[in-house]
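Chain residues, written in single-letter form:
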Amino acid sequence: MTSNRTDRLIASCAELDVDGMIVTGEANRRYLSGFTGSSGTLLISVNARWLVTDSRYTEQAGRQAIDYDVIESVELLQQIKCWVVSLGVSRLGFESEHTSVKQLQELTDFLAAEQCLVTLVPLEDVVEAQRVVKDKAELNLLTEAVRLADDVMHCAGEWLVPGVVERDLAADLEHHMRKLGGDGPSFPTIVASGPNGAMAHHSPGDRLITNGDSVIVDLGVKLDGYCSDITRTFYVGGSDDRFREIYGVVLSAQAAVETGMSAGMTGKTADGLARQVIVDAGFGDCFGHGTGHGVGLEIHEAPTVSPRNEGRLPVGAVTSVEPGIYVPGWGGVRIEDLVVIGDDCVEVLTQSAK
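Quantities reported herein were computed from a predicted structural model and do not represent experimental measurements.

Participant: Describe the side chain of Glu95, with residues and values.
Facilitator: With respect to the helices, strands and loops of the structure, Glu95 is situated in strand S5 (residues 91–95). Within the structure, Glu95 has its side chain in polar contact with the side chain of Asn28 (distance 2.6 Å). Setting aside its immediate chain neighbours within four residues, Glu95 contacts Ile22, Val23, Thr24, Gly25, Asn28, Leu123, Val127 and Glu128.

Given below as structure tokens:
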């Protein structure tokens, strides 16, 4: 599977006008090679695929990156020069979003000092664009990661009782993720009770959950590197009219997307399906974030479902659908599923009760 992914990347070299590429982004490196270590650089061209890493990861890289020649070295710049010279690379692409100004300057100065005549070409989101459409193996992992998240969210509903502390519940949920077989959380678990729910990305604190609180729980389980993401909003004790009104609007907004979104639609148009429901209900000023984002090896990746995305959504992309309403001083409601985009509809992966 990783060999096919690298083949596809190499096939794009002519269009990108490069002879080879340096891949340094951690998620991109894993996607292309299968290597999960924290330190390594891929050097990719038609005739050679190198993974340069240090002695801590040599054996691991040899087991995981079976389609790559593993080069053990702490002299990355020297290895890049050797690779460029041996393969006759004249135009070398690098990931501009994963290369610091300092790193680029060091590489430029080194190649110049070595009289290595190569043109460095900045490339933006090349591997990320390839990662948008998930292959079968990725979809299987994402589906299983979502199943684990559903199980953990079920526990959240059972464990939400008066007297529980936000940070304690978050810690218990993350512990349970690992007990179920997950790698751990996809991101720090959010438990936002009462007025804290007005902050979309509240960090759990020492607040005691009490009767009459709405509680947003946003969590994800990572499995073999792939993320899941789910949000449910609970009410402790019997819900009141205001909560039922706001919850109903958010649920209707989410349903509008999950029944109306399909491949070929722009991210902006899909976002508008949810946003219009919330605006029509009079809560437009209380929904400040986008309706969704891509999920895969990273918790936030392309494509986005937002007013800023004029690009079209492709078949096979996996995105969240998570409209929300946040009222300062009161709290908030957010409901989130993960979906796979199809030709005419979406497949909802998340099965937790709403």
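Participant: Residues and numbers for helix H8 (residues 136–159), please.
Facilitator: In this model, H8 (24 residues) spans 35 Å end to end at C-alpha, consistent with the 34 Å of a helix rising 1.5 Å per residue. All of the buried residues along H8 are Glu138, Leu142, Ala145, Val146, Leu148, Ala149, Asp150, Val152, Met153, Cys155 and Ala156. For H8, the capping residue at the N-terminal end is Asp135, with a side-chain oxygen 3.2 Å from the backbone nitrogen of Ala137.

Participant: Could you give me a rundown of helix H9 (residues 166–179), with the residues and numbers involved?
Facilitator: Taking 1.5 Å per residue as the helical rise, H9 with its 14 residues ought to reach 20 Å, and the 20 Å between its terminal C-alpha atoms agrees with that figure. Within the sequence span of H9, burial applies to Glu166, Leu169, Ala170, Leu173, His176 and Met177. The buried residues of H9 occupy one face: seen down the axis, they fall within an arc of 125 degrees. Among the exposed residues of H9, those pointing more than 90 degrees away from its buried face are His175 and Lys179. Those residues of H9 that are buried are in contact with H8, strand S7 (184–185), strand S8 (190–193), strand S9 (214–219) and strand S10 (221–222). Gly181 sits one or two positions beyond H9 and adopts a positive phi of about 110 degrees.

Participant: A description of the pairing of strand S2 (residues 41–45) should follow, citing residues and the corresponding values.
Facilitator: S2 sits mainly inside the fold: five of its five residues count as buried. Of the two faces of S2, the one carrying Thr41, Leu43 and Ser45 and the one carrying Leu42 and Ile44 are both buried. In the sheet, strand S1 (residues 20–23) pairs with S2 via four bridges, with the strands oriented antiparallel. In the strand pairing of S2, Val23 is matched with Leu42. Here four bridges tie S2 to strand S3 (residues 49–53), and the two strands are oriented antiparallel to one another. Along S3, the bridge assignment pairs Thr41 with Val52. Joining the antiparallel neighbours S2 and S3 is a turn of three residues.

Participant: Explain the sheet that holds S2 to me, and be specific about the residues and the numbers.
Facilitator: The six strands lie next to each other as S4-S3-S2-S1-S5-S6, forming an open sheet whose pairing is mixed. The open sheet has two free edges, formed respectively by strand S4 (69–72) and strand S6 (119–123), since each of these has just one partner strand. For this sheet the average axis-to-axis angle between neighbouring strands, irrespective of direction, equals 25 degrees. The strands that helix H3 (residues 26–33) touches are S1, S2, S3 and S5; relative to S2, the one it contacts most, it runs at about 55 degrees.

Participant: Residue-level account of the pairing of strand S14 (residues 318–321), with values.
Facilitator: Residues Val318 and Ser320 of S14 are buried on one face, and the alternating residues Thr319 and Val321, pointing to the opposite face, are buried as well. Where S14 and strand S17 (residues 337–341) come together, four bridges link them in antiparallel fashion. Bridge pairing in S17 places Val321 opposite Asp337.

Participant: Describe the sheet that holds S8, naming the residues involved and giving the relevant values.
Facilitator: One open sheet holds the three strands; their spatial order is S8-S9-S11, and the pairing between them is antiparallel. Strands with a single pairing partner mark the edges of an open sheet, and in this sheet they are S8 and strand S11 (230–235). Ignoring which end each strand starts from, the neighbouring axes of this sheet average 15 degrees apart. Where S8 lies against S9, four bridges are found, and the strand directions are antiparallel. In the strand pairing of S9, Ser193 is matched with Val215.

Participant: So what's going on with the packing of helix H10 (residues 241–260) against helix H11 (residues 267–280)? Which residues, and what values?
Facilitator: Close contact between H10 and H11 brings their axes to 8 Å; oriented N to C, the two are set at 155 degrees. The angle between H10 and H11 falls in the class roughly antiparallel. In this structure, H10 meets H11 at a crossing whose hand is right-handed. Where H10 abuts H11, its residues Val249, Ser252, Ala253, Ala256, Val257 and Gly260 lie against Ala270, Leu273, Ala274, Val277 and Ile278. Residue composition of the contact of H10 with H11, by class: nine nonpolar, two polar and no charged.

Participant: Please set out the packing of aromatic side chains residue by residue, giving values where relevant.
Facilitator: The final tally for this structure, using the stated rule, is three aromatic pairs. Centre to centre, the rings of Tyr235 and Phe243 are 4.8 Å apart; their planes meet at 55 degrees, and the pair counts as tilted. Here the aromatic rings of Phe243 and Tyr247 are separated by 5.6 Å at their centres, their planes lie at 35 degrees, and the arrangement is tilted. Here Phe243 pairs with Tyr247, and both are found in helix H10, just four residues apart, close to one helical turn. When sorted by exposure, Phe243 lands in the same class as Tyr247, which is buried. Following the ring pairs from residue to residue traces out a cluster consisting of Tyr235, Phe243 and Tyr247. Against the face of Phe287 rests Arg275, its NZ or CZ located 4.1 Å from the ring centre.

Thresholds applied
- All residue numbers here refer to positions counted from 1 along the written sequence of the relevant chain.
- Restriction of local features to residues with pLDDT of at least 70 applies here, the model being predicted, together with a cutoff of 80 or more for giving and counting side-chain atom pairs; totals for whole chains, interfaces and linings are based on all residues.
- Excluded from the side-chain calculations are hydrogens and water; all other atoms, namely the structure's heavy atoms, are used.
- Helix numbers and strand numbers start at the N terminus; a helix is a DSSP run of H or I with at least 4 residues, a strand a run of E with at least 2.
- The term polar contact refers here to a pair of N or O atoms within 3.5 Å; inside protein, the definition further demands a hydrogen-donor-capable atom paired with an acceptor-capable atom, and it admits residues adjacent in sequence only when both atoms are side-chain atoms.
- In this description, contact between two residues means that some pair of their heavy atoms is separated by no more than 4.5 Å.
- One fewer than the residue count of a helix, multiplied by 1.5 Å, yields its expected span.
- The buried label applies to any residue whose accessible area, calculated with a 1.4 Å probe on protein chains only, is under 20% of its type's maximum; exposed applies above 50%, and partly exposed to all values in between.
- The arc in question is traced by the directions running from the helix axis to the C-beta atoms.
- Any two strands between which DSSP finds at least two bridges are classified as paired.
- The axes used here are C-alpha line fits, helices contributing only the stretch in contact, and every angle between their N-to-C directions lies in the interval 0 to 180 degrees.
- Just so you know how the angles are binned, under 35 degrees is roughly parallel, over 145 roughly antiparallel, 65 to 115 roughly perpendicular, and the rest oblique.
- Two helices cross in a left-handed way if the nearer one is turned anticlockwise from the farther one by less than a right angle. They cross in a right-handed way if the turn is clockwise.
- Under the scheme applied, nonpolar residues are Ala, Val, Leu, Ile, Met, Phe, Trp, Tyr, Cys and Pro; charged residues are Asp, Glu, Lys and Arg; polar residues are all the others, including Gly.
- In this scheme Phe, Tyr and Trp rings, the latter by its six-membered ring, pair at centre separations within 6.5 Å, and the angle between planes marks the pair as stacked below 30 degrees, edge-to-face above 60, and tilted otherwise.
- Working rule: Lys NZ or Arg CZ, within 6 Å of ring centre, within 35 degrees of ring normal, means a charge sits over the ring.

Function cannot be inferred from these measures alone, as they are strictly geometric.
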